[in-house]
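Each chain, letter by letter, is given below.
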Amino acid sequence: RPPVILLSRKLYPSAARRLPQAIIMGVRKCGTRALLEMLYLHPMVQKAAGEVHFFDRDDNYNKGLEWYRMQMPHSYPGQITIEKSPSYFVTPEVPERIRAMNASVKLLLIVREPVTRAISDYTQLRANAATASPVLPTSSSKTFEQLVLHPNGSINEGYRPLAISVYHHYLHRWLEVFTREQILVVNGDLLIEDPVSQIQRIESFLGLEPRIGTHNFYFNETKGFYCLRNETTDRCLRETKGRKHPRVNPKVLSKLRKYFGEHNQKFYDLIGEDLGWPE
Ligand code: A3P
């Protein structure tokens, strides 16, 4: 599809770069990349390359909407353009800025059980730090347990991977600007286990004809995740997606799950749905 569009602008004059009609607003480490790539299996979906970071970075936002549009892929009329920038979710200015572009945009919010998300975030930060300074021995980096708890055993709420998992702190701002119906909450843990059922819900939310099915996925035992295929692609996500997590002390895990209990309830109240996360 994209090569045809690019090579044949004369044959298809209606192909153009269009502002996104749908945005994956976050949350980081909840499967934002998997979600975008899975939706891109649909013939009526086009996706922005990389993360555009238009609404959350002032230097990009100040370049204006025309700059943003130029970051989008070519699409045909009727196709949906989607971009994902997970940090939109936690950046205060973003909801109002998106509304100013298009008050009826469709928003996808993918979440995971908050403690699992925090461990995934920690795992990524540690991997990035190891790449940035490979001479530091890995033993010098702090464990997850050391970072989430203060020396006196209380929870270090300021630790960013924990703070980002307190979803209601951020979501309420979005609901001041957008209607609940405009935001689809996607369960990232279910997207891992059963991508088809989740993607079919999203097709319907986006007003797309149902096209994605079991033929688009196969489980890769080595990777431990589903991989994707259609007429033009057959691939798994990169090795930075689906990392092995460190083992976390079960006592710390249960302490964290208890801490999130109240926050999760506030999140369920906001979205009007109980996601059944363990306490
Ligand atoms: P882990 O690497 O911690 O397992 P994001 O793209 O927002 O950074 O999210 C990354 C997460 O996507 C991964 O976290 C992984 O669990 C999840 N994921 C969901 N479906 C996946 C798939 N089919 N292949 C690989 N990772 C997937």
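Our structure is the block above this text.
With that settled, the discussion passes to the sheet that holds strand 7 (residues 183-187). Ordered in space as 3-5-2-6-7, the five strands form an open sheet in which the pairing is parallel. Strand pairing shows two members of the sheet lacking a second neighbour, strand 3 (45-47) and strand 7, which therefore form its edges. Going from strand to strand, the sheet's axes swing by 25° on average, the running direction of each strand aside. The sheet contact formed by strand 3 and strand 5 (residues 80-84) spans three bridges and is parallel.

With respect to spatial proximity, 18 residues lie near the ligand, and among them Thr32, Arg33, Ala34, Ser120 and Phe225 are the closest. Counting only elements with at least two residues in the shell around the ligand, the list comes to helix 2 (32-39), helix 6 (114-132), helix 10 (188-193) and strand 9 (225-229). Sort the elements by how many residues they give to the shell around the ligand and helix 2 lands first, with three residues. When its residues are assigned to classes, the shell around the ligand shows eight nonpolar, five polar and five charged.

What follows deals with unusual backbone geometry. For the peptide bond that leads from Gly26 to Val27, omega is 10°, which places it in the cis range. Positive phi, close to 70°, is recorded for Lys29, a residue that is not glycine. Examined against the element boundaries, Lys29 turns out to sit in the loop between strand 2 (22-26) and helix 2. The phi dihedral of His53 falls on the positive side, at around 50°, and the residue is not glycine. With respect to the helices, strands and loops of the structure, His53 is situated in the loop between strand 3 and helix 3 (58-61). By the C-beta count within 10 Å, which is 17 here, His53 ends up partly exposed.

About the cut-offs
- Residues numbered from 1 in each chain as written.
- Predicted model: local features only at pLDDT ≥ 70, side-chain atom pairs only at ≥ 80, totals over all residues.
- Pairing = 2+ DSSP bridges.
- Helix = DSSP H or I, 4+ residues; strand = E, 2+ residues; numbered from the N terminus.
- Axes fitted to C-alpha atoms, helices over the stretch in contact; angles between N-to-C directions.
- Near = placed C-beta within 6 Å.
- Nonpolar A, V, L, I, M, F, W, Y, C, P; charged D, E, K, R; others polar.
- Buried ≥ 20, exposed ≤ 12 C-beta atoms within 10 Å, placed from the backbone.

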